[in-house]
Amino acid sequence: MLTLRPHKSLTPPGFVWFIGLTAGLMALPLIAVLGRSVLWGVLPFVLIAIAAIWWGLKRSWSDMELHEELVIWDGWMRLAHNAPRKPPQFWEANPYWVRVRRIPEGGKVPDYVTMKAEGREVEIGAFLAPSERRDLHALLEREIFPNR
């Protein structure tokens, strides 16, 4: 089984540090208006900005739950594309008839990798970096479909 996931550069401790530093830096200008009625006019906007950053990062993080699974067994293979908030998509084929293709330029992304069989072509690893897609193509050609 081959599982592909996008890279997550923000770790949970990094998230805490980022939100904490952002809140601290946004609170610095509020020191100048402590004890004045202006504070109550500005404070809601600072809190809304921090909440929006929090929500945006959490949403981005949940979007990175995207993954693809390629499973191969005797005479059959299945590619499952699992995206957050969407139903999974499946593609099945006989591995003998599968052709792997890498499109260096002109595809949806550089080094676009597809698999084609039974009249249907599907992408694999489109969320990976170009170098990772080249490695994926080499892995598929070398390990999964070695006799071609």
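This write-up is about the structure you can find in this document. Values in this document were obtained by computation on a predicted structure and should not be read as measured data. (Residues numbered from 1 in each chain as written. Predicted model: local features only at pLDDT ≥ 70, side-chain atom pairs only at ≥ 80, totals over all residues. Heavy atoms only, no water.)

**Details of the overall build of the protein**
Item 1. Each helix and strand counted, the protein has three helices and seven strands in total.
Item 2. The order of α-helices and β-strands along the protein, N terminus first, is β-α-α-β-β-β-β-β-β-α.
Item 3. Relative to the globule expectation of 15 Å for 148 residues, the C-alpha radius of gyration of the protein, 23 Å, shows a markedly less compact shape.
Item 4. For the protein, the C-alpha atoms occupy an extent of roughly 75 × 30 × 25 Å along the three principal directions.
Item 5. Here the analysis covers contacts within the protein between residues at least 6 apart in sequence; of these, 47% occur between residues at least 24 apart.
Item 6. Just so you have it, the protein exposes about 9800 Å², and 63% of that area is on carbon and sulfur atoms.
Item 7. Across the protein, the centroid of the 18 positively charged side chains sits 7 Å from that of the 15 negatively charged ones. (Helix = DSSP H or I, 4+ residues; strand = E, 2+ residues; numbered from the N terminus. Rg over C-alpha atoms; globule rule 2.2 N^0.38 Å. Contact = heavy atoms within 4.5 Å. Areas by Shrake-Rupley, 256 points an atom, 1.4 Å probe, with all protein chains shown as cover. Lys, Arg positive; Asp, Glu negative; His and termini not counted. Charge placed at Lys NZ, Arg CZ, Asp CG, Glu CD.)

**Some details on the pairing of strand E4 (residues 89-93)**
Item 1. Strand direction decides the pairing type here: strand E3 (residues 76-82) and E4, joined by five bridges, are antiparallel. Counterpart to Ala 80 in the pairing with E4 is Phe 90.
Item 2. Counting the residues that bridge the hairpin from E3 to E4 gives six residues, and of these Arg 85 lies at a positive phi of roughly 60°. (Pairing = 2+ DSSP bridges.)

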